[in-house]
Every structure is written in C-alpha cells, then in structure tokens.
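Coordinate analysis (summary)
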Amino acid sequence: MIEHNGDSNVNGAGAAMGHRRHFWAAVEQFTRYVVIGFGATLVHYVVLFGLVQAGVSPWRASVTGSVLGATLNYFISRQAVFNSTRGHMGAMVRFGIVAFLALGCNATIMAIGLGLGLYYLIAQVFASAITAIFNFLVHRHWTFRDAAAVGAPTEPQPVIAPRRARGRQPDA
C-alpha cells in the first residue's frame with residue numbers, strides 16, 4: 001500500500017490543480033455573466049439615453065434604466081449563467097433584495113460621479129462596472145445558490161437546456 005504524506009508534492013499539486021480549475025471555472029462563469037448581462041446593460045443605457053434626451057434628469061433616468069435592466073437580468077442570469085434550481089419565488093425575492101442594493105450602489109456612484117463633474121455617461125460606466133462585480137458575487141454566493149449546496153463549495157455549473165415536457169400522444 002502506498003501512503004501519501006499530507007505535505008507531499010503529489011497532494012499539493014492536486015490541490016493546486018483543483019484551485020486552478022475552480023478559479024478558471026469562476027472566470028468562465030463571470031465572463032458568461034458579463035456577456036449575457038450586456039443585454040440588460042444595453043437596455044439600461046438605451047433607457048438612460050432616451051429619457052435624458054426627453055428631458056428627464058440623468059439620475060432619474062439612470063434609476064429607471066437600472067430597474068428595467070435588472071428585470072431582464074434576472075431571467076437571463078437564472079438559467080444561462082447560474083443554472084439555478086432554486087424555486088422562482090425564493091430566487092426572485094433574493095434577486096429583488098440584491099437589485100435594490102445594486103440600485104442604491106448605482107445611484108450612489110452616479111451621484112458621486114455627477115458631483116465630481118463627470119459627464120453622465122462616463123459616471124454610468126463606472127457605476128455599471130462596480131455594480132456588475134457586486135451583483136455577480138452576491139448572485140453567485142447567495143441569490144442563485146441552491147439550498148442543498150449551502151456549506152458546499154460554489155462550483156460554477158454548466159448551462160443545461162431545460163427539459164421539454166413529454167405529453168401523452170392521443171390515441172388514434
């Protein structure tokens with residue numbers, strides 16, 4: 001029988017490989033989150049720009065765009081990024097809490113940026129970047145984390161297509 005010392009290079013290399021694999025899986029998941037979330041951000045910016053052009057204050061236009069973008073982001077992120085099996089009610093409540101916190105984050109960063117004299121779209125780029133990182137981390141570790149996985153490592157999951165319901169074929 002071969003025994004391995006806990007401090008051996010074999011175990012250390014295996015642990016390092018596991019950490020690297022986990023790291024790159026998280027990077028892949030974050031990349032998917034950013035790419036897919038781009039659609040929600042685009043909605044946010046289109047609403048922001050359109051409302052500002054219509055005479056609405058940049059701060060209010062940003063808040064409105066953020067709410068609409070967050071709504072779209074829920075439906076995209078639940079399946080395409082986090083592949084969550086948490087029920088819609090539980091996930092929606094958590095997502096709503098995070099969206100409210102993200103709204104506050106976005107509004108605060110916009111207010112600071114505008115107060116510093118930044119052009120509203122430049123301020124929004126900073127607000128979007130910081131808020132996206134905040135949202136990803138909280139959604140990954142809390143919002144869409146399956147209840148059965150609490151206490152287990154948060155390993156990014158591959159996207160799985162939903163099953164189609166199989167109905168009975170009518171008798172001929």
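Since we're looking at a predicted model, the values are computed, not measured. (Residues numbered from 1 in each chain as written. Predicted model: local features only at pLDDT ≥ 70, side-chain atom pairs only at ≥ 80, totals over all residues. Heavy atoms only, no water.)

**Considerations on the overall build of the protein**
What counts is decided by this rule: The numbering of helices and of strands both runs from the N terminus, where a helix is a DSSP run of H or I of at least 4 residues and a strand a run of E of at least 2. Exposure classes here rest on a 1.4 Å probe applied to the protein chains alone. A residue is buried below 20% of its type maximum, exposed above 50%, and partly exposed in between. We call two residues in contact when some of their heavy atoms are within 4.5 Å.
Within the protein one finds four helices and zero strands. The order of helices and strands in the protein, counted from the N terminus, is α-α-α-α. Relative to its full complement of 172 residues, the protein shows a buried share of 30%. When contacts within the protein are restricted to residue pairs at least 6 apart in sequence, those whose partners lie at least 24 apart make up 67%.

**Things to note about the packing of aromatic side chains**
Operational definition: Note on ring pairs: Phe, Tyr and Trp rings are taken, using the six-membered ring of Trp, and paired if centres are within 6.5 Å. Classes follow the plane angle, with under 30 degrees stacked, over 60 edge-to-face and the rest tilted.
According to the stated counting rule, one finds 12 aromatic pairs in the structure shown. Residues Y33 and F82 carry aromatic rings whose centres are separated by 6.0 Å and whose planes lie at 55 degrees to one another, so their mutual orientation is tilted. Remark: F82 occurs in the loop between α2 (58-80) and α3 (88-115) and Y33 occurs in helix α1 (residues 9-53); sequence separation between them is 49 residues. Residue classification places Y33 among the buried positions, given a relative accessible area of 4%.

**Digging into the nonpolar core**
Test applied: Residues enter a nonpolar core if they are buried and are Ala, Val, Leu, Ile, Met, Phe, Trp, Tyr or Cys, with the set joined through side-chain atoms within 4.5 Å.
Within the largest apolar cluster, eight residues are counted, these being Y33, Y74, V81, F82, A91, F95, F136 and F144. If you look at the next biggest cluster of nonpolar residues, it comprises five residues, including C105, I109, A123 and A127.

**A closer look at the side chain of T131**
Residue position: T131 is located in helix α4 (residues 120-143). For T131, the residues in contact, after removing those within four places along its chain, are A102, C105, N106 and I109.

**Brief notes about α2**
Here is the rule we go by: Here the expected length of a helix is defined as 1.5 Å per residue gap, with one fewer gap than residues. In this analysis the local bend is the angle between axes fitted, respectively, to the seven residues ending at and the seven residues starting at the residue.
Taking 1.5 Å as the rise per residue, α2 with 23 residues should run 33 Å; its terminal C-alpha atoms sit 31 Å apart, in good agreement. The sharpest bend along α2 measures roughly 30 degrees and falls at N73.

**Topic: the confidence of the model for the protein**
Caution applies to low-pLDDT parts of the model: their predicted coordinates are not meant to be read in detail. The condition that has to hold: Confidence per residue, as judged by the predictor, is encoded in pLDDT with a range of 0 to 100.
On average, the protein scores 81 in pLDDT, and the residues at 70 or more come to 75%. Between residues 1-8, whose pLDDT stays under 50, and residues either more than four places distant or in other chains, the model counts four contacts.

**Concerning α3**
The first and last C-alpha atoms of α3 sit 39 Å apart over 28 residues, in line with the 40 Å expected at 1.5 Å per residue. Every buried residue of α3 is accounted for by A91, F95, V98, A102, L103, C105, N106, A107, I109, M110 and G113. Where α3 terminates, the next one or two residues include G117, which has phi positive at roughly 90 degrees.

**What to know about the packing of α2 against α3**
Quick note on the threshold: Between N-to-C directions, angles cover 0 to 180 degrees, with each direction set by a line fitted to C-alpha atoms, over the stretch in contact for helices. Our angle categories are set so that under 35 degrees counts as roughly parallel, over 145 as roughly antiparallel, 65 to 115 as roughly perpendicular, and the remainder as oblique. Working rule for handedness: look at the near helix, and if it is turned counterclockwise from the far one by less than a right angle, call the crossing left-handed; if clockwise, right-handed. Charged residues are taken to be Asp, Glu, Lys and Arg, nonpolar residues to be Ala, Val, Leu, Ile, Met, Phe, Trp, Tyr, Cys and Pro, and polar residues to be all remaining types, Gly included.
Orientation of α2 relative to α3, taken along the N-to-C sense of each, is 150 degrees, at an axis distance of 9 Å. In terms of their interaxial angle, α2 and α3 are classed as roughly antiparallel. Seen from above, α2 lies across α3 with right-handed handedness. Contacts between α2 and α3 involve P58, W59, S62, V63, S66, V67, A70, N73, Y74 and R78 from the first element and H88, A91, M92, F95, A99, L103, N106, A107, M110 and L114 from the second. Considered class by class, the residues forming the contact of α2 with α3 number 14 nonpolar, five polar and one charged.

**Considering the packing of α3 against α4**
Axis separation between α3 and α4 bottoms out at 9 Å; the angle between their running directions is 155 degrees. Classified by the angle between their axes, α3 and α4 sit roughly antiparallel to one another. Regarding α3 and α4, the two cross each other, and that crossing is right-handed.

**Here we look at the pattern of salt bridges**
As a reminder of what qualifies: Throughout this description, the term salt bridge denotes a Lys or Arg side-chain nitrogen within 4 Å of a carboxyl oxygen of Asp or Glu.
Within this structure, the stated rule accounts for one salt bridge. Of the charged contacts, one joins R32 and E28 as a salt bridge, the two residues approaching to 3.4 Å between their closest N and O atoms. Separated by four residues within a single helix, R32 and E28 lie in helix α1, roughly one turn from each other. The class of R32 is buried, set by a relative accessible area of 18%.

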